[in-house]
Amino acid sequence: MISVIDMSKIGSEGFTIALVGYAIVFIALVSLVIVFSNLPKILSIKFKKSAADKHIVTTSTTTQISGEVNAAIATALHLYFNNLHDEESNIVTIKKESKLYSPWSSKIYGINNRVNKRTW
């Protein structure tokens, strides 16, 4: 039989515990949203400070590469990436291995042959 919970039995302590629990979960979720939404900003600030500490000076120079050099590089990359995989025959062979009889895997020994004999 399903009984209805009497609100007077719970008391004010139950409501206080429930409200504190809900508040803790809500605050934790809001703080996680804030941290994860600002994570890229935090990481970029840290990277900028470390680059400024090292005094790294970057210069952007563009060099012109001729078409023949680009074609040679593209051909070399194409040949390299196509030769990564071995040529296979695509034939699957399944060899059946003969296994000797083992009583350890026999199910007949796991059966109890005890029968209760009753005389009616």
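This section reports on the structure supplied with the text. (Residues numbered from 1 in each chain as written. Predicted model: local features only at pLDDT ≥ 70, side-chain atom pairs only at ≥ 80, totals over all residues. Heavy atoms only, no water.)

Turning to the overall build of the protein, a few remarks are in order. Scanning the protein from N- to C-terminus turns up two helices and zero strands. Sorting the 120 residues of the protein into buried and exposed places 0% on the buried side. With an accessible surface of roughly 13,200 Å², the protein has 64% of that area assigned to carbon and sulfur atoms. (Helix = DSSP H or I, 4+ residues; strand = E, 2+ residues; numbered from the N terminus. Buried < 20%, exposed > 50% of the residue type's maximum accessible area, 1.4 Å probe, protein only. Areas by Shrake-Rupley, 256 points an atom, 1.4 Å probe, with all protein chains shown as cover.)

Another aspect to go through is a nonpolar patch on the surface. Taken together, the side chains of Val25, Leu29, Leu32, Val35, Phe36, Leu39, Ile42 and Leu43 present a nonpolar region at the surface, about 750 Å² in accessible area. Structurally, the position occupied by Val25 is in helix 1 (residues 7-54). (Patch = residues over 30% accessible without salt bridge, like charges linked within 9 Å, V, L, I, M, F, W, Y side chains within 5 Å. Salt bridge = Lys/Arg side-chain N within 4 Å of Asp/Glu carboxyl O.)

Note that every value here comes from positions in space, so none of it alone points to a role or purpose.
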